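# Structure assessment
Chain residues, written in single-letter form:
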Amino acid sequence: MGMTNKQFQGFIRLALELIDKALNRTPDNEDLQKLKDIFQSMLEDD
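Definitions and cut-offs
Residues numbered from 1 in each chain as written. Predicted model: local features only at pLDDT ≥ 70, side-chain atom pairs only at ≥ 80, totals over all residues. Heavy atoms only, no water. Core = buried A, V, L, I, M, F, W, Y, C linked by side-chain atoms within 4.5 Å. Buried < 20%, exposed > 50% of the residue type's maximum accessible area, 1.4 Å probe, protein only. Helix = DSSP H or I, 4+ residues; strand = E, 2+ residues; numbered from the N terminus. Contact = heavy atoms within 4.5 Å.

A few words on the nonpolar core. Counting residues in hydrophobic clusters, the biggest one holds nine residues: I12, A15, L16, I19, A22, L23, L32, F39 and L43. Listed by contribution, the elements that provide at least two residues to this core are helix 1 (5-25) and helix 2 (30-44). For this core, the element with the highest residue contribution is helix 1, accounting for six residues.

Moving on, we come to the environment of L43. Mapped onto the fold, L43 is located in helix 2. The exposure class of L43 is buried, given its relative accessible area of 13%. The sequence separation of L43 and I12 amounts to 31 residues, and the corresponding C-alpha distance is 7.4 Å. Discounting chain neighbours no more than four positions away, the residues touching L43 are Q9, I12, R13 and L16.

Have a look at this one:
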């Protein structure tokens, strides 16, 4: 049983929100920024 596109988009948005909170605490974390860029590109592809 897979996820619908809407569920996937919701998951990505939730993850991005948590990544943003982590980046607010440590804005110089390059790994978090790379992860955010990857997740953001997943949303933009649709």
